Amino acid sequence: MDQVPSTGRLVQITVTDGYDLKGFKGETPVTFIRAEFNHVVLGDSAKITVSPEGTAKYNFTCSFEFNPEGGITLYDLAHKPVFLTMSEVLPKEKKQKDEKTLILGQAVVDLLPLLEGESSFETMVPLHPVQGSTLETPRAGAKQCSLEVKVFVAEPLLTTAQILGSNLLKVTLEAAYSVPESFIPIGPLQNYMVGLQVPSHGEKDYPILFKNGILKLGGEREPVPRPKKWPIANILAPGANNIPDAFIVGGPYEEEEGELNHPEDREFRNQAECIKKRIIWDLESRCYLDPPAVVSFQKRIADCRLWPVEITRVPLVTAPKGKAGKFDKAEDESQLSFHGVAYVNMVPLLYPGVKRIRGAFHVYPYLDSTVYEKTKCLFSLFRDTGHHLIHNNKIGGINSPLSKSGVSKNLKEDKTVREKDIDGRLKPGDVAPSIKSQSSDTPLDGEPPLTHNPEGQQYVEAGTYIVLEIQLDKALVPKRMPDELAKRVKEMIPPRPPLTRRTGGAQKAVSDYHMQIKNISRAILDEYHRMFGKQMAKLGSEVDSETLEEQKCQLSYELNCSGKYFAFKEQLKHAVVKIVREKYLKTTSFESQEELQTFISELYVFLVDQMHMALNQTMPDDVQSTVSTIYTSNDQLRLFAYEAEVNENFEMAAVYYKERLVREPQNLDHWLDYGAFCLLIEDNIKAQECFRKALALNQSHIQSLLLCGVLAVLMENYEQAEIFFEDATCLEPTHVVAWTLLGLYYEIQNNDIRMEMAFHEAFKQLQARVTKQKSTGTVVYVEEERNIEASLGPWGTTNNFSATAIKTGAPAGPQATISILDGFLEESSKIYPEPQEPFLTVQSQDPNMGQKPSNIFFKETPAKKEAPKCQDSSAFLPPVSYGIVQPSTTIFMETIRFLMKVNAVQNPNVWGVKGHLYFLSGNHAEAKACYERTVSFVVDASEMHFIYLRLGLIYLEENEYEKAKKTYLQACKRSPSCLTWLGLGIACYRLEELTEAEDALSEANALNNYNAEVWAYLALVCLKAGRQLEAEQAYKYTIKLKLKDEALLAEIHTVQETVGFGNPSF
């Protein structure tokens, strides 16, 4: 054997054994194996007789030379397998000189593992029978005949650096659907071809060609899964055409990356893929990309974005014997026909972690100007290099273009010969310059530019599209793994440590005992008061000892009979056990009865002493004063804080938010609410701290991650922001808002490709949601009645929210669109905090306000939510001045008008928001009508709290005190707060119902004793009731809290002068 050059390496293929074999003649046929690679015979094995069990030991080794500088290269290893053809040697008959052989089957050995860094591998490959072979009927008890093959190289063909930097591109052409009607299966045979180019060596391109498409008339859908096939002709065994473990599986249209993946395309694609004519290829072609080619491939996608995939057909004509001259003349007149092109968007391959795109792409006529405009490509793979390049790569090239006659002639000559190398590939050294080099303004020599293509136009008229899959072995842009993102988040925000465990001890045990004594003593006193309270009230302090003793006996009897005595004992037992264990350290059994009695005596004395100490500490305080406190729940605190925000009383709002945090520091929602409030008042540092504390409590919480990302952007910590957003999309890939925020982040970073990826994914998830809702019918959200404090707040979230989806048989119309939009923006409102600047500024028309505009913030669409940050111009909702003043006719009023037109007139939310817009613009008459319309609905609006408050305020302004009283009473029943009770108190005071007014104002004062207006009206009530001390105290707090309503203060002074008291300064 000749010595292998230093740059070449031998690849050895060894066939060791065959299993479950059988032949044409007898049970023990004589067989041999022929190995072929790249259309070259590598050798034949010895003739081996198959055993009766169907096994044969070949131990046949052959090899070929791998040389990256020429000859067989990595590109050949990527897409060309080794073929092992088994033949049977038939016995010689009489007078027969040569042996006859019959081919039994073919096996295919894929050499792809060599490109993955392996130096050797073993595989069991099936032996596919040829047509008519005895192998088509396997032996009894056998599945399929097979060959055991070993592949070996002395050292790996690729270094570690090459393996890490290289990639493998797989392009699968499935079919072209809805082809023109002029494509008919009868008549001259046609070769349907598709081609595209990928970068290979530097500036050169590697063409990928798919030939011999099969025209079908349609009538049924192509089955899935179906195997992918080798793009190699002249494979003898039909089963050997199939690539092992490679299948076309299809999938939903909506998940594709192509052009016909919208719901409106579904019907057309169903018809095209079931009924209309199609051309089927089902071929997969591979291309090895070395590290420089990977870089070029990635840069090319970023520069060109759209890649041309050409389609055409060429007549197949067999030359009759002895008539070559006539054939040449006929072929000279043949032309490239039906030349079309599909524009494949390759940008998704630059998305992080994306390794595969599959989709349907429209076919358009190939026009030079259009192709150059879209792809910057001046080179046609089929037309400009000549058809002969498709077959053998021998003649011509882009640097020396041939004329059409020369092209046709060479094509004819090549087709008259049986082709050996017709696997649809060009040699890298013979190809044209890359697309990059074609982007110059210098046109190619040769054929004039194609400006009219009537045959290609038939593709557009027929709606032709090709289904193509492009897959990489490794993503061009690596994606951070969820574990890595979680680790980075944990490094930035360490998880909050769990609450410290409660440690016990002697002092803690005694303290618990004291607490139980106090609780039991209170319970006994309550029982005593229940039994003898009225009797003691009559006797007063004149109670003799006999009466007390009798009461004691009756009390003991009642406690024993009712079981309360035993309940008290059980209640005290745990505290006593803790004292025994913690103070006396007794945890084991006593050794003697005497020791037990001694310990019990000692314990009894201690417990009695401690009981007396606890009673002496408790009884005096309980007897002297019992201060009643009004407990406010966390939901109430949330409502109060929200009201304070609306009033722009940010100090009071901060107090309420902090109170919630003190009560439940481990509640994640409390931190988010307070963070949103801090964001509202532009305290970004504190907001960031709140959101990070929330994330520390639950590092998988999507809202916390997104808000941390938003704050990181505001603080210009862009690297951290990307980690937060990416982690959110990894944890919940269907979250529309998460993808949208990630897209906005990439837009800030001017990363157009990733921005497109994020927005595309957001739209895809939103479209999936819309499709799901449409599939279940028209969905209308009916919000059931619920506590307003559970629905208000800067997040738009609800604790007790319930929405019933009512399915109707009506077609999807405007109302369905509104409902879908509501659902999407409702989720958005859960993520976004209140904007720091107003979306809408409305010029006030109230003459008493001068030029101070009011401000409204929208956290959801008008069809769903009212304005949560409505700044009122009243005493309840003081105005805020901003520099931007716009007319009242804004996009929001236009939205309201649009919703009224699309049958949203029965939506109470629309009327509520419309009322807010009129109220803020100073048109209280129109606001009153809208609010009354909203209240009249059977189904309440989303946020009735401020609708009641503002409607009641308008009634007070118009002196309709009875209506104001009823309105505020409804608000107090639904969501009581300081403002609702205050409004009720004002209405009752104006109606001269002083007792009811005082009760309502007392409730308001109990909920917030820092409201100066509450104290002012309490002062008026006390003045009218003639209670001087209370009137002076209320007036003192009114002045101390700096009442801003001058008219109300003047009214107090007038009443004080009338009654002659109430102002200590007189």
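Look a little higher up for the structure.
Residues numbered from 1 in each chain as written. Predicted model: local features only at pLDDT ≥ 70, side-chain atom pairs only at ≥ 80, totals over all residues. Heavy atoms only, no water.

Student: So, the pattern of salt bridges: which residues are in play, and what are the values?
Tutor: Going through the model one piece at a time under the given rule, you end up with 44 salt bridges. Across the pair Glu-958 and Lys-928 runs a salt bridge whose closest N-O atoms are separated by 2.9 Å. Residue Glu-958 is located in the loop between helix H28 (945-957) and helix H29 (961-974), and its partner Lys-928 is located in helix H27 (residues 924-936); the two are separated by 30 residues in the primary sequence. Beyond isolated ion pairs, a larger network of salt bridges with shared partners links Asp-110, Lys-228, Glu-284, Arg-286, Arg-356 and Glu-469. (Salt bridge = Lys/Arg side-chain N within 4 Å of Asp/Glu carboxyl O. Helix = DSSP H or I, 4+ residues; strand = E, 2+ residues; numbered from the N terminus.)

Student: Give a detailed account of unusual backbone geometry, specifying residues and quantitative values.
Tutor: That bond from Val-224 to Pro-225 is cis: its omega, -5°, falls within 30 degrees of zero. On the secondary structure map, Pro-225 appears in the loop between strand S14 (214-216) and strand S15 (226-229). Although it is not a glycine, Asn-59 adopts a positive phi angle of roughly 45°. With respect to the helices and strands, Asn-59 occurs in strand S5 (residues 56-66). The exposure class assigned to Asn-59 is exposed, which follows from its relative accessible area of 54%. The phi torsion at Lys-1042 lies on the positive side, around 60°, for a residue other than glycine. Following the sequence through the fold, Lys-1042 ends up in the loop between helix H33 (1028-1040) and helix H34 (1046-1059). (Buried < 20%, exposed > 50% of the residue type's maximum accessible area, 1.4 Å probe, protein only.)

Student: Could you give an account of the side chain of Thr-967, with specific residues and numbers?
Tutor: Checked against the element boundaries, Thr-967 lands in helix H29. Within the local environment of Thr-967, its side chain forms a polar contact with the backbone oxygen of Lys-963, the two atoms lying 2.8 Å apart. Residues contacting Thr-967, with those up to four places away along its chain left out, are Tyr-948, Leu-951, Gly-952 and Tyr-955. (Polar contact = N/O pair within 3.5 Å; in protein donor to acceptor, adjacent residues only side chain to side chain. Contact = heavy atoms within 4.5 Å.)

Student: Any details on the packing of aromatic side chains? Residues and values, ideally.
Tutor: Per the counting criterion, the structure on display carries 25 aromatic pairs. With 5.2 Å between their ring centres and 20° between their planes, Tyr-75 and Tyr-206 make a pair best called stacked. Here Tyr-206 lies in strand S13 (residues 205-210) and Tyr-75 lies in helix H1 (residues 74-79), a separation of 131 residues in the sequence. Each member of the pair, Tyr-75 as well as Tyr-206, is classed as buried. Each ring, one from Tyr-657 and one from Phe-677, has its centre 5.2 Å from the other, and the planes form 40°; the classification is tilted. Residue Tyr-657 is located in helix H17 (residues 650-663), and its partner Phe-677 is located in helix H18 (residues 668-680); the two are separated by 20 residues in the primary sequence. (Phe/Tyr/Trp six-rings, centres within 6.5 Å; stacked < 30°, edge-to-face > 60°.)

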